[in-house]
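# Chains, contacts and geometry: an overview
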Amino acid sequence: MVSESRPPLWSKDFVLNLVVAHLLLAGFFSLFMVVPGFIDKLGGKEWEIGVIIATFGLAGVIIRPMAGKWILKSGPKKVIICGILIFVGTTVLYIPLPSEWWIVPVRMVQGVGLAIAPVATSTVVANLAPESRRGEGMSYMGNSISIAQLYAPPIGFFIADSFSFSLAFIVASAFALVSFFVCMAMSDSKIRMPVTEEENHDSQAPLISRAAIFPTIIFLTYAFTMAPVSTFLPMLSEVRELGVNPGFYFSILSGMTMITTLVSGRIADKFGRSAVIVPGLVLVSAAMFMLSGAFDSSLFFGAAFLHGIGYGLIYPGINSLVVDRVKPNERGSAIGTLQQAWDIGASGGNFIVGPIIGALGVGSGFVVVGLGAATGMVGFLTGNRKSQ
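So, here's what we can say about the structure. Small disclaimer: the values here were computed from a predicted structure and weren't measured. (Residues numbered from 1 in each chain as written. Predicted model: local features only at pLDDT ≥ 70, side-chain atom pairs only at ≥ 80, totals over all residues. Heavy atoms only, no water.)

In this section: the overall build of the protein. If you tally the helices and strands in the protein, you get 18 helices and zero strands. Relative to the globule expectation of 21 Å for 388 residues, the C-alpha radius of gyration of the protein, 20 Å, shows essentially globular dimensions. The buried share of the protein, reckoned over its 388 residues, is 61%. Across the protein, every contact between residues at least 6 apart in sequence was considered, and the portion connecting residues at least 24 apart equals 87%. (Helix = DSSP H or I, 4+ residues; strand = E, 2+ residues; numbered from the N terminus. Rg over C-alpha atoms; globule rule 2.2 N^0.38 Å. Buried < 20%, exposed > 50% of the residue type's maximum accessible area, 1.4 Å probe, protein only. Contact = heavy atoms within 4.5 Å.)

Here's what the structure looks like:
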């Protein structure tokens, strides 16, 4: 009776996949506080920081839709390995760059690696998790990522500030390189979505999953909030004289995300995806308004607290909603479509936020993205009601 109500979730490949995602993204997150400072060191201005950071997502917009096809054809393991190696190589390439605009091509190629590998690791979760425990499975993936975000940004900031930017880039590459060796231990056959020969021949994964477009638009309003958070927190801390390591914002954010996802996936499985997505967007919107008015460390870290709870609610709900809406052979494309929100919102959003902050001040960018998250909440309630 227990086994029927709680089908098994944990397996060797499920655990290895979580470790791979954790280590790769630890390398990436360690650069959050490093690359803006590196651009500043090379002579970049405020608006240039936003624009250069934003180029990371340009290649992802083009490449990520193809990831679903590659995953269906070659299997997620090969796609993960390709993404890891691209990230490792491009991260080392930061070291000899002579000026800030040389960062643009490196960021764009790096964006390819971070566009395809997370799609593949999330697809593995979708493939291995039983349908009745899908939200829970996505929660564990969210936790593996959150643990990385807990420590990697402050470590990256500390290394760059106390030693050198070159060492910070080497450490980021090392994290990802370890994930490569872990990935090699995964079973290629077991993590694929099983399809018949007829399905493999006749049913092709689309570039853009139409069923995933609505959840992607909603998730985009969350991802947009990460544009100023991942780029301009050091500036906010410096301008407002908060006297804090801005990397600890991500430590609190991740800690609260981890605690929240312990229950949010099960809530989403039991009460529906809207039960976590709506309050999550409300909390994230509130966090952005708090950051816009943060003139002391208590508001700064209070915003991180709300942000972490909000994202902990949103992540399993929105990922599970996308997988719920598509056929099994379309999962990779659907997750790729959803994760384009990171390219357009979190990276590309800096094309909007950067100039606004340059003209109106650092607090203005957080007001804009806070309004965006609130709009996403209203849009979800309206669109979800129409679809029911």
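What follows continues from the structure just given.
Here the focus is the nonpolar core. Side chains of nonpolar character tend, in soluble globular proteins, to be buried together. Val-229, Leu-233, Tyr-249, Leu-291 and Phe-300 are the most contacted members of the largest nonpolar core, which totals 122 residues. When sequence neighbours within four positions are dropped, the list of residues in contact with Leu-291 reads Val-229, Leu-233, Leu-236, Arg-240, Tyr-249, Phe-300, Ala-303 and Phe-366. (Core = buried A, V, L, I, M, F, W, Y, C linked by side-chain atoms within 4.5 Å.)

It is worth spelling out the packing of aromatic side chains at this point. Under the criterion given, the structure shown has 23 aromatic pairs. Both rings, one in Phe-38 and one in Phe-165, keep their centres 5.5 Å apart while their planes meet at 55°; by these two values the pair is tilted. With Phe-38 in helix 3 (residues 35-41) and Phe-165 in helix 9 (residues 165-183), the pair connects residues that are 127 residues apart, well separated along the chain. Phe-38 gets classed as buried once you look at its relative accessible area, which sits at 4%. The buried category is assigned to Phe-165, whose relative accessible area is 18%. The structure contains a cluster of three or more aromatic residues connected by ring pairs, namely Phe-28, Phe-29, Phe-32, Tyr-249, Phe-250, Phe-300 and Phe-301. In this structure, Arg-240 packs its charged tip against the face of Phe-295, placed 4.0 Å from the ring centre. (Phe/Tyr/Trp six-rings, centres within 6.5 Å; stacked < 30°, edge-to-face > 60°. Lys NZ or Arg CZ within 6 Å of the ring centre and 35° of its normal.)

Right, let's talk about unusual backbone geometry for a bit. You will see that Glu-241, though not glycine, has its phi angle at about 55°, which is positive. Along the chain, Glu-241 turns up in the loop between helix 12 (226-239) and helix 13 (247-271).

In this model, the largest pocket occupies a volume close to 450 Å³. As for the largest pocket, its lining consists of 20 residues, and the residues nearest its centre are Gly-37, Asp-40, Pro-234, Met-235 and Glu-238. Elements supplying a minimum of two residues to the lining of the largest pocket: helix 3, helix 4 (46-54), helix 8 (134-162) and helix 12. Looking at which element gives the most residues to the lining of the largest pocket, the answer is helix 12, with six residues. By residue class, the composition of the lining of the largest pocket is eleven nonpolar, four polar and five charged. (1 Å grid on protein atoms, 1.4 Å probe; cavity = no way out; pocket = protein on both sides within 12 Å on 5 of 7 lines; lining within 4 Å. Points joined across faces, edges and corners; volume = space filled by probe spheres on them. Nonpolar A, V, L, I, M, F, W, Y, C, P; charged D, E, K, R; others polar.)

Here we take up helix 9. Spanning 19 residues, helix 9 covers 28 Å between terminal C-alpha atoms, matching the ideal 27 Å at 1.5 Å per step. For helix 9, the set of buried residues is Phe-165, Ala-168, Phe-169, Ala-172, Ser-173, Phe-175, Ala-176, Ser-179, Phe-180, Val-182 and Cys-183. In this fold, the buried residues of helix 9 make contact with helix 2 (12-29), helix 3, helix 6 (76-93) and helix 8. (Expected span 1.5 Å × (residues − 1).)

This paragraph deals with the side chain of His-307. As for its placement among the helices and strands, His-307 is situated in helix 15 (residues 297-324). For His-307, a relative accessible area of 0% corresponds to the buried category. Excluding residues that lie within four positions of it along the chain, His-307 makes contacts with Tyr-222, Thr-225, Met-226, Val-229, Tyr-249, Leu-253, Val-284, Ala-287 and Met-288.

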